[in-house]
Amino acid sequence: MHETEHQHPPVRYRTLVFTWVALGILTGLTIAASRINMGAANVWVALGIAATKSCLVIGIFMNLRRESRLFKFGLMAALVVLAIFIGMTFIDVLYR
Amino acid sequence: MSHEHRDDTGARFGMWVFLYTEIILFSGLFLLYSVALSKFPHEFGVASHKLNIYFGAINTLVLLASSLTMAMAITAIQRGKIKQTIVLTSSTIGLAIVFLINKFFEWSAEIGHGIYPGSEHLAELGPGVTQFFNLYYFTAGLHGFHVIIGATLIGVVTVLVKKGKITPERYVLLENSALYWHLVDLVWIFVFPLYYLIL
Amino acid sequence: MSESTSRLGGFFTESPRSGILGWVTSTDHKRIGLLYLGCIVTMFIVGACLGLTLRLQLFQPGHSIMSAQTYNATFTVHGVIMIFLFIIPSIPAAFGNLVLPIMLGARDVSFPKVNLLSWYCYVFGAILAVIAIFSGGGPPDTGWTFYVPFSTQTTTNVNLAVTAAFFLGFSSILTGINFVTTIHRLRCKGMGWGKLPMFAWTLYATAWVQVLATPMLGITLVLIFMERTFGAGLFDVAKGGDPILYQHMFWIYSHPAVYIMILPAMGVVSEIIPVFSRKPLFGYWAMAFSSLAIAFAGSLVWAHHMYTSGMSDMAIMIFSFLTFIVAIPSAIKIFNWVSTLHKGSIQLAPPMLYALSFIFLFAIGGLGGLALGAAAADIHLHDTAFVVGHFHYVMFGGTGFAFFGALHYWLPKFFARMYNHKIATIAWALIFVGFNITYMAMQAVGIQGMPRRYYDYLPEFGPLNMVSTIGSWILALGLIIMFVNLWRGIRNGTPVGKNPWAAATLEWTVDTPPPMENFGEEDPVVTRGPYDFKGVVADEP
């Protein structure tokens, strides 16, 4: 089949370490942000930072950026379904 | 088998599809969490303060570091450095054990304070706090279970690298166990702020 | 087995290991498919016997053959077996494994070992389910839905039953992962998406649902287990939990599961109808995309099982509205099958009879579903025998009939022998008549107000219940004749060649039974569509 497409070129150590440092900084940031009272916004800030960290892990550690569109489409499908499951449950919970 | 078929991209894709199922598995607990949080915002803040933020933060850094070593292990094997690969996967396992030891002490302390599912002390704290800790125990427990599975998997992979079954030409098993390990990390990235950092 | 297999060639004899070990350790998709098929048919027979005893108890009011507790356990076990051990794996795991790789021009699925593992998960789950019946505090009596709070409080053996369902779910997930990857990665040269047989399309849509919905069942069942073992209280109001959330989580899986059951059945029907009408499938792309649309829309409607649960009125309105959307792709499929039949030269061979009755029964079941999807009507019909009749129309009349159609269509290919067509037609007629009597009477008595899951009833429901029970005997007779005829057919029937039905998909171009890696040295190259019948003729026996 696609005999040449088996493997990606190696990701440089430097890139990986930089990613890790960025992840550490973001962890510090999320702790700092949680100590400021912003009401309901706290949860959303925390989720936003967590999503950013996830993007770094998925994109660089898991190397999704080098994979084909199919992989990305699959992840999108999973996340959309996840959003549907949680979001539509709230149609019930919020209006009860 | 007369006809050897090899499709590393397909193998990786299969692993990704499996990871999608893991995401949905954990989403059940996050669904319960989000509903409970909207119901008991204040109690969740109170309960969150009972968790030790240092344990949580250190464990976050430990898991992130273990993800780093696992990602580096792939680069190492791609460059043909077998010894380096083994050192890196072994340190991932080591970090996983550190994570679990931390978890053990953290849980022991909390159980020592009478906080565990079904405890009387928890019942006195009211339904909001009870719900928080029940969710915390099951989410962290399910996550810890995944840490154990992932570390075992990486252990097997390390042995295979040592035995020369995983080579710089063919290492998709290492890649897939790394993908699994990163998922464990990803779940924790969300668990940490949602349980330890609620005001 | 060994006696009959020795006369067969192909994948029956070419195996690195011989005997029973050659089967239970084989990673060949056809062998795994047959292993699945054997288990699934066995489970169907067990489940059908339980169903017959339920009907027998309901023959007349009052205590006749079983106590109320036994009745509760019997309908629970009937449901668990039929849903988790029969319908969900029936077409995808058995026929999907048997024919999907050949249809794609592949030598096996992407992960043959995972495929075998999925069969072991299935068997393990099945064994646990059987142990759950005979051990602990007695067979589970919660209904197959395991609703809280009852399921967390009953003393019966719910723990083991949910563990069994967990493993069956895992088996289903593994099959789904395999099929998604296989369809993406292993299509042979020339097998573009537009040349994919419709059965493969529907399995593709099904596989995504299996992958993305089943884990939710997994976590829900784990939580039931935890509630019972540790008193987790996640669904307990006193501990801040919410029992309605259990129903949400359960149906988030179990409604899409309905599409895991019906989509492959639609695929089977889409294969059979063109072959026996000698016409290409009408509206190929509409059929393909309606499968995906059903799979997607199926994830939006779960709460229509919960109108009377106490959830918010807003949710009832929105979910009721969304439910009607699912009717659109389903209707597209029905219209396209009918259009395929239009001006075709129709041959009423046994597979075709099942396919045609599928359309009829699925249409009745589907329209009944609209009545239940409308919130106002559902308040009256909820938890009545109408619901039971309705889902038997779509599940048994739909998936069950398609499964029987698939048996009559593909078994000759894999066993190289043809059953007796005349007896098959008689069996079909009995099943069709018995089915309609049983479940139409059930729907009617439900509209009159007979509740479901009751072991006793008021005298005014007597006549229709009696009719329904008599129908179940006709149905059972037809099923016995059908299975005996198929069994005799695969052992002693007239030998058939490569292509007894003159079908155009790839599985009919390989030897009968197919050889171990399906294709010889050369990988196949596809140049014609799956329903391009020009020049395709049935081989003479």
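That block above? That's the structure.
Presented here is an overview of the structure given in this document. (Residues numbered from 1 in each chain as written. Chains lettered and ligands numbered in written order. Predicted model: local features only at pLDDT ≥ 70, side-chain atom pairs only at ≥ 80, totals over all residues.)

Topic: the interface of chain B and chain A
Every contact between the two is made by 37 residues of chain B and, on the other side, 36 residues of chain A. Elements that contribute at least two residues to the side of chain B that touches chain A include exactly helix 1 (8–39), helix 3 (53–78) and helix 7 (172–196) of chain B. Here the side of chain B that touches chain A gets 14 residues from one element, more than from any other, and that element is helix 1 of chain B. Split into classes, the residues belonging to the side of chain B that touches chain A amount to 24 nonpolar, 9 polar and 4 charged. (Contact = placed C-beta atoms within 7 Å. Helix = DSSP H or I, 4+ residues; strand = E, 2+ residues; numbered from the N terminus. Nonpolar A, V, L, I, M, F, W, Y, C, P; charged D, E, K, R; others polar.)

Concerning the interface of chain C and chain A
With 13 residues of chain C at the contact, the number on the chain A side is 11 residues. Listing elements by their share of the side of chain C that touches chain A, those giving two or more residues are helix 8 (198–230), helix 9 (243–277) and helix 11 (313–341) of chain C. Per element, the largest residue contribution to the side of chain C that touches chain A is 3 residues, and it comes from helix 11 of chain C. Along the lines of polarity and charge, the residues of the side of chain C that touches chain A split into 9 nonpolar, 4 polar and no charged.

Considering the nonpolar core
The biggest cluster of nonpolar side chains holds 278 residues, and the ones touching the most others in it are C:Ala200, C:Val269, C:Phe358 and C:Ala402. Beyond its immediate chain neighbours, meaning those up to four positions away, C:Ala200 contacts C:Leu100, C:Met103, C:Leu104 and C:Ile183. (Core = buried A, V, L, I, M, F, W, Y, C linked by C-beta atoms within 7 Å. Buried ≥ 20, exposed ≤ 12 C-beta atoms within 10 Å, placed from the backbone.)

Some words on unusual backbone geometry
Residue and element names in this part refer to chain C. Of note, the bond from Val148 into Pro149 is cis; its omega dihedral lies within 30 degrees of zero at 0°. By the secondary structure assignment, Pro149 is in the loop between helix 5 (112–134) and helix 6 (150–153). The amide bond that connects Thr512 to the next residue, Pro513, takes the cis arrangement and shows omega of -15°. One can find Pro513 in the segment after strand 2 (494–495). One non-glycine residue, Lys343, lies in the positive phi region at around 60°. Position of Lys343 relative to the elements: it lies in the loop between helix 11 and helix 12 (350–373). Classification of Lys343 by C-beta neighbours within 10 Å gives exposed; the count is 9. Positive phi, normally seen in glycine, also occurs at Ala502, with a value near 60°. Following the sequence through the fold, Ala502 ends up in the segment after strand 2.

Digging into the environment of B:Phe44
Residue and element names in this part refer to chain B. Mapped onto the fold, Phe44 is located in helix 2 (residues 41–48). Between the C-alpha atom of Phe44 and that of His5, which follows or precedes it by 39 residues, the distance is 53 Å. Once residues within four sequence positions are removed from consideration, Phe44 is found in contact with Leu37, Gly128, Phe132 and Ile198.

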